[in-house]
Amino acid sequence: MSSLSRELVFLILQFLEEEKFKEAVHRLEQESGFFFNMKYFEEKALLGEWDEVEKYLSGFTKVDENRYSMKIFFEVRKQKYLEALDGQDRAKAVEILVKDLKVFSTFNEELYKEITHLLTLDNFRENEQLSKYGDTKSARSIMLVELKKLIEANPLFREKLVFPTLKASRLRTLINQSLNWQHQLCKNPRPNPDIKTLFMDHSCSPPNGARASTPVTLPVAALTKPLTYAPLGAHGGPFPPAAAAAAANANALAGWMSNANPSLSMQSAPVAASPMPVQLGQVSSLKHPRTPSTGLGMIDYQSSDHEQLMKRLRTAQSVDEVSYPPQHASWSLDDLPRSVACSLRQGSTVMSMDFHPSHHTLLAVGCNNGEVTLWEVGLRERLVSKPFKVWEMAACSVPFQGAIAKDPSMSITRVSWSPDGNLIGVAFKKHLVHLYAYHGSNDLRQHLEIDAHSGGVNDLAFSHPNKQLCVVTCGDDKLIKVWDLNGRKLFHFEGHEAPVYSVCPHQKENIQFIFSTAVDGKIKAWLYDNVGSRVDYDAPGQYCTTMLYSDDGNRLFSCGTSKDGDSFLVEWNESEGAIKRTYSGFRKKSTGIAQFDTTRNHFLAVGEDSQIKFWDMDNTNVLTSTEADGGLPSIPRLRFNKEGNLLVVTTADNGFKVLANADGLRSLRAIESRSYEASRTPIEMKVSTSAMVPNINPAINKVDRMDASSPARPIQILNGVDPLARSVEKRRLLDDASDKSKRWELAEIVDPVHCRVAMMPDSKDPANKVARLLYTNSGAGILALGSNGVQKLWKWRSNDENPSGKATASVVPQHWQPNSGLLMTNDVPENCEEAVPCIALSKNDSYVMSACGGKVSLFNMMTFKVMTTFMSPPPASTFLAFHPLDNNIIAIGTQDSSIHIYNVRVDEVKSKLKGHQKHITGLAFSVNLKIMVSSGADAQLCFWNMDTWDKRKSLTIQLPAGKAPIGDTQVQFYSDQTRLLVCHESQLALYDAAKAECIRQWMPQDVLPAPITCAAYSPNSQLVYAGFTDGNIGVFDADSLKLRCRIAMSVYLAQASPSSQTVYPLALTAHLQEPYQFAVGLSDGSVKVIEPSDAEGKWGVTVPVDNGAQNGWTATSSSNNPAS
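Calculation rules
- Residues numbered from 1 in each chain as written.
- Predicted model: local features only at pLDDT ≥ 70, side-chain atom pairs only at ≥ 80, totals over all residues.
- Heavy atoms only, no water.
- Helix = DSSP H or I, 4+ residues; strand = E, 2+ residues; numbered from the N terminus.
- Buried < 20%, exposed > 50% of the residue type's maximum accessible area, 1.4 Å probe, protein only.
- Areas by Shrake-Rupley, 256 points an atom, 1.4 Å probe, with all protein chains shown as cover.
- Axes fitted to C-alpha atoms, helices over the stretch in contact; angles between N-to-C directions.
- Parallel < 35°, antiparallel > 145°, perpendicular 65-115°, else oblique.
- Left-handed = near helix turned anticlockwise from the far one by under 90°.
- Contact = heavy atoms within 4.5 Å.
- Nonpolar A, V, L, I, M, F, W, Y, C, P; charged D, E, K, R; others polar.
- Pairing = 2+ DSSP bridges.
- pLDDT = per-residue confidence, 0-100.
- Core = buried A, V, L, I, M, F, W, Y, C linked by side-chain atoms within 4.5 Å.
- Phe/Tyr/Trp six-rings, centres within 6.5 Å; stacked < 30°, edge-to-face > 60°.
- Lys NZ or Arg CZ within 6 Å of the ring centre and 35° of its normal.
- Expected span 1.5 Å × (residues − 1).
- Salt bridge = Lys/Arg side-chain N within 4 Å of Asp/Glu carboxyl O.
- Patch = residues over 30% accessible without salt bridge, like charges linked within 9 Å, V, L, I, M, F, W, Y side chains within 5 Å.

1. Regarding the overall build of the chain
- A tally of regular secondary structure across the chain gives 15 helices and 59 strands.
- Counting the 1124 residues in the chain, one finds 55% classified as buried.
- Just so you have it, the chain exposes about 47300 Å², and 51% of that area is on carbon and sulfur atoms.

Printed below as a string of structure tokens:
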């Protein structure tokens, strides 16, 4: 079929969808095979309509067309078979086995026999591989996740999963254009032709032989776009010189601002070019009446270099981009946090709340009395409160001094965390903005006070113009201002005619801009150039409105309330500047301004009518609502955490409630169960000399602790200066200050009674040292790769002793192997002494990829069979990592110091990266920064662009004096995707990956003097675990890299090694959900899981702040000393 014929099919599909011919749409999809409607496929699969599922699939592929197709059909038929068995319908199960599953026996006879064996069981869950099979609904959902991945990987579905972007009613528009052309060719055109059929060409017959004086115009849907675009950004960046900006926009701004009210735009609408003069009018045939929508100037990137920011708004009626059909993952109501986990009393009315961007249970709260409070909601604990006070009255304006003297009350309008979680911005009802620097735990320090606006500061947000963190504020003085972190005003935007209610900074590609809304309902957009507003349009309700983007930054929403109390929640079409959809479900009249938030790129939540209402972003009807057990104000304020598993909502009794979904409840319980600090007294003893000896007598029955004055502290790298070279007087001042309060003491655990340790069965093998160690992503297993290339898997099973089925040191797991007895054995060359074992696990735990000097092997985790091999040496692979956004892309570090970007699907190396001098020892991805960081045995770090694979920067880690730049270097990203943990035998270091700068460093010293072998972050990125060659394990605070706990070798070894060699950790991995559990692979081949005892609860206690010495993470030296 020709390309035009194919496009015609898409136009017909769009027409059928718009006309609600649902069955016809899907029949045409299937029969043409041009577009695979994933949403329809999911619906039918979730409903268990298996015949329709297979019929629909058959339009795109056949069972034996390729291995992906075979797997797709097998999964569908297997699910149908299991459901028949689960329903005790043996006859149907036998029929499915014979008719549907028999075809697969020729490809895998063993699997077919195993499936047949299920008929002999009373409950197929007795089969170990099916033991976790839940109910039908959950099983179908799990199957769909796998099916979607197979479909996306199947080359037969390539370019068939995304419906082309079309203007709405495109087929109608083309027909209208054709009719207009026919009408213009009429010898006697009438002014208002009456077209009654499409079966014949149109022709006008003249009345009484007279010629009509004017022809018909093109319909609105056929209007061409104006060709005047604002050539913004031609200067090469978002901050043009004023003169250049003025020249670039002299004519364009007139086009932007020509219509302040789009509802009146029909008066001056440009008409499509035509050889004949035209007038405003419409051909009546095939037209849907369309209400002119309130347009909003949005972002469009027309040019290849993305320098053109905004497309001129069409001044005629807007035409929505079709959104047919939306493609999303399967969601359920259970994903919404609706269960009340706890209620917390603040003591005054809560005005604003915001969760920390990476510590997902850390909440900042601002109140109507000006107080700022930090809560750890997992512990239900108020960490710190800062009552309002003016930090420096003399620096404030005279009007503010007069206002505060007249009325000293002060309310907060907004609290907001900076994207890196290091600052909290606070906006007040009178003039001021406060910035607090957060250094971890309860350490909140004054950073900056700004007399920002005359009157109230109504909103505050952070932005990154020119890659510089800034604060954007707006206020009653009708202004928007942008400040740097030193309080210098960078930009000053004026143009609103009423107080500015909210700001919404955003970035698309390299374009930075700000949306602002005022209390008169006007919406404006600004570039960072002091040129002026680019648009001026009305928000729904024409009153107070807040704008938010979805988490991925691709969808824009606004919510507000009119003066009459009517609330509005809408999604905007960015490319057209029009309202894409309006959500329904609000009560008729509200008593305040509705507040809203978004989460997971899928849900919207609004506080209204003393309840929380939820919407699916793709459905205008209310999805569900909750009153949160009652007690909410009429217009509650609310906020999701960044993971979307917690939601806080204000209460009428001056507090707030924490709502959670199942994942959120588990997270809260995990934090709460680990907190025993308030209920127990630490054992205080001096450090014994024996505690520092590698082979400690296991009979020692105590927990030793060390004084805080120990030099086991990190080196803070600030502007290249080593602050450890401080004066003796400075040390004395710190010691004197610490003596005034109870000393913090380092926890030293030397007795096994203070830990739980589980040794993996069949793991000890001195000839096969553990080279790599991983927890499975489910948290229920551990995978170890030995130096001989053999992988071992241990699994925990759900039972009375371990109901969760997760990894725990309280229960010894099973050394798991398939019934075939296969081992996961890698291709190992004869001379394997130089081989560097490497391993990577897929996100769904289905496949593991590994190598040990030979080819890279891809193993099936259920059968242990080799699915495929690739990348034959030389060069040998030394490190493997799955691309975080595409499991088909693998980054492979090699022995010859290069990195191969390999596409498994097409069996091809897409890019080859060179930058290191020795073999690659680490790879880590940051989706947020769009970079990959590589490390090598040359002690070097390289930063690569994930889109182009160009090298951004390379640097050598800061080594001790006289140390040669060699040695394996490991890298791992912090949960915020910005901070990077670097582990080398000489140090642990914390880097700001955005700047490629070292901000923290710790070197072996004092109680941990030996070289480092391995390190890993805890799942909440609050701890760092590190192993040492003397057998010790250190637990560090992740932000400050201060040592908080030392675990001696005597804890995990029942007796000293009979040989002269010390047993020590070669590999270490942290559990992905349990922050205090980790596993070590030892030099004697054994693997052990270690966690604190119930009595201890955690590894040591949080390291306190040292009288101004940094305990938290800092990006620049400017934030080291808080404002006095």
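Further notes follow.
2. Description of the packing of helix α6 (residues 90–101) against helix α7 (residues 109–117)
- Contact pair α6 / α7: the axes reach a minimum separation of 11 Å and the direction vectors enclose 165 degrees. Judged by the inter-axis angle, α6 sits roughly antiparallel to α7. Crossing geometry of α6 relative to α7 is assigned as right-handed. Every residue of α7 that contacts α6 at Leu97, Val98 and Leu101 is listed here: Tyr112, Ile115 and Thr116.
- Here the contact of α6 with α7 is built from residues that sort into five nonpolar, one polar and no charged.

3. Structural notes on the sheet that holds strand β14 (residues 500–508)
- Spatially, four strands are ordered β14-β15-β16-β17 in an open sheet, and the strand pairing comes out antiparallel. The open sheet is flanked by β14 and β17 (535–538), the only strands paired with a single partner. Taken pair by pair, the neighbouring strands of this sheet meet at an average axis angle of 20 degrees, ignoring direction.
- By the bridge criterion, four bridges tie strand β16 (residues 522–527) to β17 in an arrangement that is antiparallel. The residue bridging Ala525 from the neighbouring strand is Val535, located in β17.

4. Points about the confidence of the model for the chain
- Residues with a pLDDT of 70 or more make up 80% of the chain, whose mean pLDDT is 80.
- Note that pLDDT drops below 50 for residues 676–711; the model gives that stretch 84 contacts with residues more than four away or on any other chain.
- In this model residues 1107–1124 is a low-confidence stretch, pLDDT under 50, and it forms 57 contacts with partners more than four residues away in sequence or in other chains.

5. Quick notes on the sheet that holds strand β23 (residues 603–608)
- Across the sheet, which stays open at both edges, the four strands sit in the order β22-β23-β24-β25 with antiparallel pairing between neighbours. Strands at the two margins of the open sheet, each flanked by one partner only, are β22 (595–599) and β25 (622–626). Across this sheet, the average inter-strand angle for adjacent strands is 20 degrees, counted without regard to direction.
- Pairing of strand β24 (residues 611–616) with β25 involves four bridges; the strand directions are antiparallel. For Phe614, the partnering residue across the bridge sits in β25 and is Thr624.

6. Some remarks on unusual backbone geometry
- Residue Pro874 is reached from Pro873 by a cis peptide bond, and omega for that bond is -5 degrees.
- Relative to the elements of secondary structure, Pro874 occurs in the loop between β40 (866–870) and β41 (877–883).
- Pro875 follows Pro874 through a cis peptide bond whose omega is -5 degrees.
- Tracing the sequence through the fold places Pro875 in the loop between β40 and β41.
- With a phi close to 60 degrees, Arg600 is a non-glycine residue in the positive phi region.
- Looking at where Arg600 falls in the secondary structure, it is placed in the loop between β22 and β23.
- A positive phi angle, close to 80 degrees, is found at Ser897, a residue other than glycine.
- Within the secondary structure, Ser897 is located in the loop between β42 (886–894) and β43 (898–903).

7. As for the nonpolar core
- Formed by 42 residues in total, the largest nonpolar core has its most connected members in Phe36, Phe41, Leu57, Tyr81 and Leu101.
- Tyr81 has contacts with Ala93, Ile96, Leu97, Leu101, Ile115, Thr116, Leu118 and Leu119, leaving out every residue within four places of it along the chain.
- Within the second largest apolar cluster, 24 residues are counted, among which are Val1035, Ile1047, Tyr1052 and Tyr1076.

8. A few points about the packing of aromatic side chains
- Here the structure, examined in full by the defined rule, presents 30 aromatic pairs.
- Each ring, one from Phe493 and one from Tyr528, has its centre 6.5 Å from the other, and the planes form 70 degrees; the classification is edge-to-face. Here the residue Phe493 occupies a position in strand β13 (residues 489–494), and Tyr528 occupies one in the loop between β16 and β17, the gap between them amounting to 35 residues.
- A relative accessible area of 2% places Phe493 in the buried class.
- A ring pair is formed by Phe1078 and Trp1099, whose centres lie 5.9 Å apart and whose planes are at 55 degrees; its orientation type is tilted. Residue Phe1078 is located in strand β58 (residues 1078–1082), and its partner Trp1099 is located in the segment after β59 (1087–1092); the two are separated by 21 residues in the primary sequence. Accessibility assignment for this pair places Phe1078 and Trp1099 in one class, buried.
- Taken together, the ring pairs in this structure connect Phe36, Tyr40, Phe41, Tyr56, Phe60 and Phe157 into an aromatic cluster.
- Over the ring of Trp816 we find Lys795; its NZ or CZ atom is 4.1 Å from the centre of that ring.

9. Here's the deal with the packing of helix α1 (residues 3–18) against helix α2 (residues 22–32)
- Following both chains from N to C, one finds α1 and α2 inclined at 160 degrees, their axes separated by 8 Å at the closest point. If you check the angle between α1 and α2, you find them roughly antiparallel. Every pair of crossing elements has a handedness; the one defined by α1 and α2 is left-handed. Across the interface between the two elements, Val9, Ile12, Leu13, Leu16 and Glu17 from α1 touch Lys22, Ala24, Val25, Leu28, Glu29 and Ser32 from α2.
- Along the lines of polarity and charge, the residues of the contact of α1 with α2 split into seven nonpolar, one polar and three charged.

10. A short note on the environment of Pro399
- Take Pro399: it is sitting in helix α12 (residues 398–406).
- Separated by 56 residues in the primary sequence, Pro399 and Gly455 place their C-alpha atoms 9.0 Å from one another.

11. Topic: α1
- An ideal rise of 1.5 Å per residue puts 22 Å on 16 residues; α1 measures up with 23 Å between its terminal C-alpha atoms.
- Buried-residue contacts for α1 involve α2 and α9 (170–184).
- Remark: Lys20 follows α1 within two positions and exhibits a positive phi of approximately 65 degrees.

12. What about the pattern of salt bridges?
- The full count for this structure, using the stated rule, is 34 salt bridges.
- Taking the shortest distance from any N to any O, the salt bridge between Arg140 and Glu83 comes out at 2.7 Å. Here Arg140, found in helix α8 (residues 136–153), pairs with Glu83, found in helix α5 (residues 67–86); they are 57 residues apart in sequence, far enough to count as distant.
- Between Arg555 and Asp618 there is a salt bridge, and its shortest N-O distance comes to 2.9 Å. Linking Arg555 in the loop between β18 (544–549) and β19 (556–561) with Asp618 in the loop between β24 and β25, this pair joins segments that are 63 residues apart in sequence.
- One salt-bridge network, held together by shared partners, links Asp354, Asp597, Arg639 and Lys642.

13. Thoughts on a nonpolar patch on the surface
- A cluster of nonpolar side chains, namely Leu198, Phe199 and Met200, defines an oily patch on the protein surface of about 420 Å² accessible area.
- Of note, Leu198 is situated in the loop between α9 and α10 (242–249).

14. Observations concerning α9
- The end-to-end C-alpha distance of α9, which contains 15 residues, comes to 21 Å, matching closely the 21 Å that a straight helix rising 1.5 Å per residue would cover.
- Residues of α9 that are buried make contact with α1.

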